[in-house]
Amino acid sequence: MDKGLHFMFSVITTVLLLRESSQTGATRNSDATRKGIDSRGRGEGLPTLTVTTILEDPYAMGRGVELEGYCLDLLRALAAMLHFSYRVRVVGDGKYGAVAPSGNWTGMVGEILRQEADIAVAPLTVTSAREEVVSFTTPFLQTGIGILLRKDTVSQEMSFFHFLAPFSKETWTGLLFAYLLTSFCLFLVARLSPCEWNEPKNEENHFTFLNSLWFGAGALTLQGATPRPRALSVRLIAAGWWLFSIALLAAYIANFSALLSSSSEQLPIQTFEDLVRQRKLEFGTLDGSSTFYFFKNSKNPIHQMIYEYMDKRRDHVLVKTYQEAVQRVMESNYAFIGESISQDLAAARHCNLIRAPEVIGARGFGIATAQASPWTKKLSIAVLKLQESGDLEYLRNKWWESSCPPRGREGWSPLQPQALGGLFLTLAVGLALGVIVALVELSNKSRHAAGHAKKSCCSVFTEEMFTRLRLKENTRQSQETSGRA
């Protein structure tokens, strides 16, 4: 009996201890979540690293009780390759790392110096000032300094003759010459062809030169125009001109659409010099970021003007976080100067944002470690292996995927005559065929007329030609005399 009571007492005590242990573990996990701590990769016998990062889309983002993003995927790949476990925490002051007025380092760099973290895996730019106090691995992302704008912040004025821009001046000149030549060929062939009018002395030819011009203009607008051709030669020329007009209009509409689409994205602010000269937009960067100190230390006059502008208005133009910068660009006349790769992400997520073409200050994001840390070289080699295997490119495409529809063609230029060379050649062949067929038709009629009149074929052909062209009487008589001779 005593043994049974002792056994029951032992069981009850064990259950209560297990329950208390599970509650204590749950409490610790919830506290860790509230403090921004994410523990993964736990394994017996593996070294555990404390990793500091910063909440920034898409590098590290909170999803429920865990963190996810580009840096978390990179960290997971590094842990699997180097066989270590890690414990992730979000930087306490929400900064990257800069020297405070007191002389101490803030942000993730400060946490590494205070040995609160072993490594920093975040979009931390490698700079000389940071390299003096911490060590960096090989950059896992290459970037630079760019300008983030809203597409409609600065309206771009278009010229009065903007509709002529799809074609170059040479192309328009060639089109005008083709139009006049085709109209003249229509006028000439319609007069030479006996199928278009049988009796030149009694009938009136409807294809005058003005009517030929009107016929060609009607074809250019895809509208039917009188007179309607009846002879095969005239129809050949008309068909060639219609084909030329359809292809020409298709090329014009396509190039004009591309022009309008690209014009909506081509802002007047293309460079940092354009940004300084304009007066409509305010501009700034992250307070205490490497971008701010880049302009401070630069000897370029334009960069110095940008720094002086931001320094005088630091309370108004400098922002605290990247999210605040993007929101301000979207809601006000503000241009944000920052990392180009982060701006590419903002343009991919927000379709009304665009990054200016110029990028300066090529730099990279690296993993920060304590100086003389044995992990620096190991992590550098691991990053190089991930780069060589294409894993870094895969992560880049995964987290920078655009949700915006395809944009207009960049690098637009007016259509040159060489692009329409085949079209002009087709028209020339059509005109040549029309003239040859008209001469054949006229020669057949002259042969029959010469047989009835018992005259030479050449004299009748010459007489018919000059009669249809309505030359002067004395010229016709001299030609008839020479023809009889």
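Anything mentioned here points back to the structure above.
Since this is a predicted model, take the numbers as computed values, not measurements. (Residues numbered from 1 in each chain as written. Predicted model: local features only at pLDDT ≥ 70, side-chain atom pairs only at ≥ 80, totals over all residues. Heavy atoms only, no water.)

*Asks:* Break down the pattern of salt bridges for me, with residues and values.
*Replies:* Under the counting rule described, the total for this entry stands at 12 salt bridges. Between E111 and R89 there is a salt bridge, with its nearest N and O atoms 3.7 Å apart. Of this pair, E111 sits in helix 3 (residues 107-113) while R89 sits in strand 5 (residues 85-90), and the two are 22 residues apart along the sequence. Measuring nitrogen to oxygen at the nearest pair gives 2.3 Å for the salt bridge that ties E273 to R277. Taken together, the positions of E273 and R277, both in helix 8 (residues 272-277) and four residues apart, correspond to about one turn of that helix. Judged by relative accessible area, E273 falls into the partly exposed class, the value being 32%. (Salt bridge = Lys/Arg side-chain N within 4 Å of Asp/Glu carboxyl O. Helix = DSSP H or I, 4+ residues; strand = E, 2+ residues; numbered from the N terminus. Buried < 20%, exposed > 50% of the residue type's maximum accessible area, 1.4 Å probe, protein only.)

*Asks:* Provide a residue-level description of the nonpolar core, including the pertinent values.
*Replies:* F295, M310 and F336 are the most contacted members of the largest nonpolar core, which has 45 residues in total. Elements represented by at least two residues in this core include exactly helix 3, strand 7 (134-136), strand 8 (141-150), helix 8, helix 9 (290-297), helix 10 (301-312), helix 12 (322-331) and strand 10 (334-339). Setting aside anything within four residues of it in sequence, one finds F336 in contact with G146, I147, L148, G284, T285, L286, V319, Y322, A325, V329 and Q343. Membership of the second largest hydrophobic core comes to 34 residues, among which are V51, L78, I119 and I341. (Core = buried A, V, L, I, M, F, W, Y, C linked by side-chain atoms within 4.5 Å. Contact = heavy atoms within 4.5 Å.)

*Asks:* Tell me about the environment of F215, residues and numbers included.
*Replies:* Inspection of the secondary structure puts F215 in helix 6 (residues 209-220). Spatially, the C-alpha atom of F215 lies 7.3 Å from that of P227, the residues being 12 residues apart in sequence.

*Asks:* Outline the environment of L433, supporting the account with residue identities and numerical values.
*Replies:* Mapped onto the elements of the fold, L433 is located in helix 16 (residues 421-453). Linking L433 and G240, residues 193 residues apart in sequence, is a C-alpha distance of 9.7 Å.

*Asks:* Before we move on, can you summarise the packing of helix 2 (residues 70-82) against helix 14 (residues 375-389) with the specific residues and values?
*Replies:* Where helix 2 contacts helix 14, the two axes come as close as 10 Å, and the packing angle between them is 110°. On the basis of their axis angle, the class for helix 2 and helix 14 is roughly perpendicular. Every residue of helix 14 that contacts helix 2 at L74, A77, L78, M81 and L82 is listed here: W375, K378, L379, A382, V383, K385 and L386. The residue inventory of the contact of helix 2 with helix 14, partitioned by class, reads 10 nonpolar, no polar and two charged. (Axes fitted to C-alpha atoms, helices over the stretch in contact; angles between N-to-C directions. Parallel < 35°, antiparallel > 145°, perpendicular 65-115°, else oblique. Nonpolar A, V, L, I, M, F, W, Y, C, P; charged D, E, K, R; others polar.)

*Asks:* Outline the pairing of strand 2 (residues 48-53), supporting the account with residue identities and numerical values.
*Replies:* Across the six residues that make up strand 2, a large majority, five, are buried. Strand direction decides the pairing type here: strand 2 and strand 6 (residues 119-120), joined by two bridges, are parallel. Across the sheet, residue V51 finds its bridge partner in strand 6, namely I119. (Pairing = 2+ DSSP bridges.)

*Asks:* Explain helix 6 to me, and be specific about the residues and the numbers.
*Replies:* In an α-helix there are 3.6 residues to a turn, and that puts residues three or four apart on one side. Its 12 residues give helix 6 an end-to-end C-alpha distance of 17 Å, which sits within 8% of 16 Å, the value for a rise of 1.5 Å per residue. The set of residues buried in helix 6 consists of S212, L213, F215, G216, G218 and A219. Phi turns positive, to about 60°, at L222, one or two residues after helix 6. (Expected span 1.5 Å × (residues − 1).)

*Asks:* Hey, could you go over the side chain of S380 for me, with residue numbers and the actual values?
*Replies:* Along the chain, S380 falls in helix 14. Not counting the four nearest positions on each side in its chain, S380 is found in contact with T137 and T138.

*Asks:* Outline unusual backbone geometry, supporting the account with residue identities and numerical values.
*Replies:* Cis peptide bonds are those with omega within 30 degrees of zero, and the linkage from D57 to P58 qualifies with 5°. In this fold, P58 is placed in the loop between strand 2 and strand 3 (61-63). A positive phi angle, close to 65°, is found at A372, a residue other than glycine. Along the polypeptide, A372 turns up in the loop between strand 13 (368-370) and helix 14.

*Asks:* Summarise the packing of aromatic side chains; cite the residues concerned and give the values.
*Replies:* The geometry of an aromatic ring pair is captured by two quantities: the separation of the ring centres and the angle between the planes. Throughout the structure, instances matching the rule amount to 22 aromatic pairs. On the basis of an interplanar angle of 70° and a centroid distance of 5.3 Å, the ring pair of F84 and W375 is categorised as edge-to-face. One end of the pair, F84, is in the loop between helix 2 and strand 5; the other, W375, is in helix 14, with 291 residues separating them in the sequence. For the pair shown, F84 and W375 are each scored as buried. Ring centres of F215 and W242 lie 6.1 Å apart, and the angle between their planes is 35°; on these two criteria the pair is classed as tilted. Highlighted residues: F215 in helix 6 and W242 in helix 7 (residues 232-263), separated in sequence by 27 residues. Judged by relative accessible area, which is 4%, F215 ranks as buried. An aromatic cluster of at least three residues, connected via ring pairs, comprises Y59, Y70, F140, F365 and W400. Above the ring of Y334, the side-chain terminus of R328 is found at 4.3 Å from the ring centroid. (Phe/Tyr/Trp six-rings, centres within 6.5 Å; stacked < 30°, edge-to-face > 60°. Lys NZ or Arg CZ within 6 Å of the ring centre and 35° of its normal.)

*Asks:* Can you lay out the pairing of strand 10 for me, pointing to particular residues and giving the numbers?
*Replies:* Counting buried residues along strand 10, six of its six residues qualify, which places the element largely inside the surrounding structure. Summarising the sheet, strand 8 and strand 10 pair through four bridges and their orientation is antiparallel. Looking across to strand 10, one finds that I147 is bridged to I337. Judged from the three bridges that link them, strand 9 (residues 282-284) and strand 10 form a sheet pairing that is parallel. For E282, the partnering residue across the bridge sits in strand 10 and is Y334.

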